[in-house]
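# Reading the structure
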Amino acid sequence: MFSDDRRHFLQQTGRVGLACSANLVLGRFLSAQAQTSNANQTARIFIDCRRTVATLDRNLFGSFLEHLGRAIYEGIYDPGSKLSDSNGFRKDVLEEVRKLGVPIIRYPGGNFVSGYNWLDGVGPKQDRPRVHDKAWNSMNSNQFGTNEFMAWCKAAGAEPLMGLNLGTGTPEQAAALVEYCNVDKGTEWSELRRKHGFPEPYNVRHWCLGNEMDGPWQIGHMPATEYGLKAQDSARQMRYVDPSLQLIACGSSGPFMPTYLEWDREVLEQCYDYVDGLSLHRYFGNTPEDTGGDSEKFVALNLTMDRQIAETLAVCDLVRGHKRSPKKLWLSFDEWNVWYRERSGSAVNGHRQEAPHLLEEVYNLEDALLVGGLIITLLRNADRVKLACLAQMINVIAPIMTNGTGLFRQTIYHPYNWALQYARGSVLNLLVQSPTYEVSHMDPVPYLDAAGTLNPENGQISLFLLNRDLSKAREVEIVWEDSPATRVVTSLVLTGNDLKAVNSFDAPQRVQPQALDKPSTSGGRTKFELPPRSYTVIQWQS
Ligand code: AHR
């Protein structure tokens, strides 16, 4: 059975991951980082507000909702619940997502999308078929589909990032969905939308041309050249319908893939001229294979994400060179997170149930620290990574968990929330000097990792700081190279004694942000201590 194949592949790749991640050493980020002698134990961050990486695209902190487990049904949509509104949308969940300010949300998959017929999810609800989703061996009632998602996004204040079925689906069906969503009237599919009760077009801008098409677990998986041609044809047909689209081709599912980078090159040789971005995916784990269970190594794994970004960009730019193209692609890191516990057996097999409990990973403090590190990595690559999605958002490998009576925030909610609240404006090009430590199969790892933003509109500067030292506080000195920021507006830290501590419905605030003493500045320098095993945000008003 297909889903068995996928589970088998994931198990195998867990093992392959050992060899790959064992070889991962630090890449491009070292240009912005400098190691300092371990004799000098103070870490330093040099900030010059004239030195920036890029203007931050808010889509860097998007998220993801797949028809998987309890993400949609029982997650955001639960018409039987007293917590839901007249549309069946969970009001408490909507409120959380609105408060977060998630800019863009990928939907409807994931692996799910590669067998999905979007026509099953539109039109009168009583006529929609109950369909077997082969990707997760689950039943989909189709009571929530494209129009419900658009309404939900509007209520949540988020832009949709629509995934297309390029597995069993055809380029013609992809273009039809664009027409259904974006054409005002007068064509077959726009008139169908109107008939369904939605007179206004949605003008969906961002589209993913399939999902993880390099993976043998993917429905409709095909060789790279074939996929590249299908993506090209889809892009052409979709742009005949709406020339304003931003299109993302499927890159490699991760460095563990045997075809890593070669897939990307072959795909882009076919469709470079027709797309705007290329996708990357990555899930991290503190597994015997990847880290040997060593948490010091685990919290350094965001450095391997820097490398993945650098390598993928190298391929994009290689093909750009082959084509003598004036266009530079951007990257869409449209699935990233920690995920390693709930990824086999019944955690990934819905046993033909509706809304089964799948991928309900419980996150601890060390996961939140790594998620903070991954956000730092995304920020420092903001010149070329323009879109990214924390995978996923509700119940499924998610920062927010629901049950029939409410919700709670997992540990990873906090670094994600800080990115959304405090990262604004331009990303600063920081010079970070830090003492380092040794872990197996990686270059020396800096104890301190950091990224920062400057909002030119209000002069606010935000710093995001990861202290990877799991046993000791670390002294940090900020050297303000142009004008020093003095007034601290916010200073929060996520830390604790137990790296394995988790939140739950019974103890929802076991791991939560605490106030950090506001650091003071004198003589153009700010000195403060970061607690051991901590992730911190400090915001100044300059
Ligand atoms: O996010 C969970 C799954 O991980 C997605 O469906 C798939 O794209 C990836 O393998």
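Cut-offs applied
Residues numbered from 1 in each chain as written. Predicted model: local features only at pLDDT ≥ 70, side-chain atom pairs only at ≥ 80, totals over all residues. Heavy atoms only, no water. Phe/Tyr/Trp six-rings, centres within 6.5 Å; stacked < 30°, edge-to-face > 60°. Helix = DSSP H or I, 4+ residues; strand = E, 2+ residues; numbered from the N terminus. Buried < 20%, exposed > 50% of the residue type's maximum accessible area, 1.4 Å probe, protein only. Lys NZ or Arg CZ within 6 Å of the ring centre and 35° of its normal. Core = buried A, V, L, I, M, F, W, Y, C linked by side-chain atoms within 4.5 Å. Contact = heavy atoms within 4.5 Å. Pairing = 2+ DSSP bridges. Axes fitted to C-alpha atoms, helices over the stretch in contact; angles between N-to-C directions.

### Topic: the packing of aromatic side chains
If you walk through the whole model with that rule in mind, you get 17 aromatic pairs. Aromatic side chains W217 and F256 sit 6.4 Å apart centroid to centroid with 25° between the ring planes, which places their arrangement in the stacked category. With W217 in the loop between β9 (206-209) and α6 (224-241) and F256 in the loop between β10 (246-249) and α7 (262-271), this pair connects stretches of sequence that are 39 residues apart. A residue is classified by how much of its surface remains accessible, and W217, at 3% relative accessible area, is buried. Ring geometry for Y227 against W263: centres 5.6 Å apart, planes inclined by 15°, an arrangement best described as stacked. Here the residue Y227 occupies a position in helix α6, and W263 occupies one in helix α7, the gap between them amounting to 36 residues. Given a relative accessible area of 4%, W263 falls into the buried group. Sitting over the face of the ring of W339, R343 holds its NZ or CZ atom 4.0 Å from the ring centroid. Positioned above the aromatic ring of Y447 is the side chain of R474, whose terminal nitrogen or guanidinium carbon lies 3.8 Å from the ring centre.

### A few points about unusual backbone geometry
Here the bond from Y107 into P108 is cis, since omega is 5°, no more than 30 degrees from zero. As for its position among the elements, P108 is in the loop between β5 (104-107) and β6 (131-133). A cis amide bond, omega 0°, links A391 with the succeeding residue Q392. Assignment of secondary structure puts Q392 in the loop between β13 (385-390) and β14 (400-403). Despite not being glycine, R533 shows a phi value in the positive range, around 40°. Along the chain, R533 turns up in the loop between β26 (525-530) and β27 (534-541). With a relative accessible area of 13%, R533 lands in the buried category.

### Focus on the nonpolar core
W152, W207 and Y227 are the most contacted members of the largest nonpolar core, which totals 141 residues. Once you skip the residues sitting within four places of it in the chain, Y227 turns out to touch L166, L209, M213, M222, A249, C250, W263 and V267. By size, the runner-up hydrophobic cluster in this structure holds 24 residues, among which are C49, V432, L448 and L454.

### Considerations on the sheet that holds β5
Strand order in the closed barrel made by the eight strands is β4-β5-β8-β9-β10-β11-β12-β13, with parallel pairing throughout. Averaged over all pairs of adjacent strands, the angle between strand axes in this sheet comes to 30°, irrespective of strand direction. In terms of strand pairing, strand β4 (residues 62-64) meets β13 through two bridges, oriented parallel. Following the sheet pairing, G62 is matched in β13 by C389.

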